[in-house]
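Chains, contacts and geometry: an overview
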Amino acid sequence: MNRNRIAFQGELGANGHEACLAAYPDMEPVPCATFEEAFEAVSAGECRLGMIAVENSIAGRVADVHHLLPSSGLRIIGEHFKPIHFQLMANPGVRVDDLKSVASMPIAFAQCRGTIARLGLTREPVSDTALAARQLSERPDPTRAAIAPALAARLYGLDILLPDIEDTHNNTTRFLVMTADADAEAPAPGPGVTCVTSFVFRVRNLPAALYKALGGFATNGVNMTKLESYMENAAFTATFFYSEIDGRPEDEAVARAFEELQFFSERFEILGVYPAAPYRAQVG
């Protein structure tokens, strides 16, 4: 296993790249075109860690990631919250008044609606913010711009025409840090460390099974911070759930809640127990 590489989804200059540099400055960031490729890079030992975006405070859940988590074989060992700032960038010498269109990811468009509407720009969706910047650098066009992080402008020689154009300036993306060897990379947090436990479950086909499965968390005073359902195997049933709670499995209250959950579930798997990021305390 390569001990100095961390995989992320996107091109060099993407938000995932910036997150890797901020959280693991001594590791080499490795760009991956898709989340599947990022997961595989970690599973195959090509990278020691993966920095995986899972949700944004404005645009919501990152598509497909929760489907990949249970089957990846990877474990969550940490989380990283990254403030998101998008820049409107163009080739050197281009003015804002010259622009007709802008390229970026749909999720970035969703976070910069106000500026795009005000400038009357046509949207050109691409798979990654930094890819939009790189393509503009490779094929200069005075009528086109890109929306991407500041790092992309520096890497690809573009000028920032308008800085920080996101609609909400407390815009934040949450990343999960994943590994193929959780015991070696991050032993279980010790007592006194505020922790998050991530897990997945599928309820049994019984009346009110979800209500009963979750009852143990309420009666035992366990704070559930996330509960998301999604379909699997193309079935139109929402019986598969991804969830996060405050605490660790060995906590007495959590252990009792998990016991009740498993009684009403046909599948249950813990995906990771990891320290809560300081950001949670700041916004709590």
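For clarity, every value in this text was computed on a predicted model and none was experimentally measured.

**Concerning helix α6 (residues 129-138)**
Buried residues of α6: T129, A130, L131, A132, A133 and L136, and no others. Residues of α6 that are buried sit in contact with β6 (87-90), β7 (101-104), α4 (106-111), β9 (144-148) and α7 (150-156). Looking at where α6 begins, the residue whose side-chain oxygen comes 3.1 Å from the main-chain nitrogen of A130 is D128.

**Remarks on the sheet that holds strand β10 (residues 159-162)**
Spatial ordering of the open sheet is given by β8-β7-β9-β6-β10, a layout of 5 strands whose pairing is mixed. Bordering the open sheet on either side are β8 (122-125) and β10, each of which pairs with just one other strand. Taking the axes of each pair of neighbouring strands and ignoring which way they run, one obtains an average angle of 35° across the sheet. Bridge count between β7 and β8: 4 bridges; the pairing is parallel. Residue V102 lies in a different strand from β8, and its bridge partner there is R123. Along the sheet face, α6 touches β6, β7 and β9 and points at about 150° away from the line of β9.

**Considering the nonpolar core**
If you look at the biggest cluster of nonpolar residues, it comprises 51 residues, and the most contacted ones within it are F39, M89, M178 and Y242. Leaving out residues up to four positions away in the same chain, Y242 has contacts with H66, L69, I76, L176, S198, F199, V200, K226, L227, E228, Y230 and L271. Core analysis: the second largest hydrophobic core is formed by 16 residues, F109, I116, L121 and A145 among them.

Analysis parameters
- Residues numbered from 1 in each chain as written.
- Predicted model: local features only at pLDDT ≥ 70, side-chain atom pairs only at ≥ 80, totals over all residues.
- Heavy atoms only, no water.
- Buried < 20%, exposed > 50% of the residue type's maximum accessible area, 1.4 Å probe, protein only.
- Helix = DSSP H or I, 4+ residues; strand = E, 2+ residues; numbered from the N terminus.
- Contact = heavy atoms within 4.5 Å.
- Polar contact = N/O pair within 3.5 Å; in protein donor to acceptor, adjacent residues only side chain to side chain.
- Pairing = 2+ DSSP bridges.
- Axes fitted to C-alpha atoms, helices over the stretch in contact; angles between N-to-C directions.
- Core = buried A, V, L, I, M, F, W, Y, C linked by side-chain atoms within 4.5 Å.

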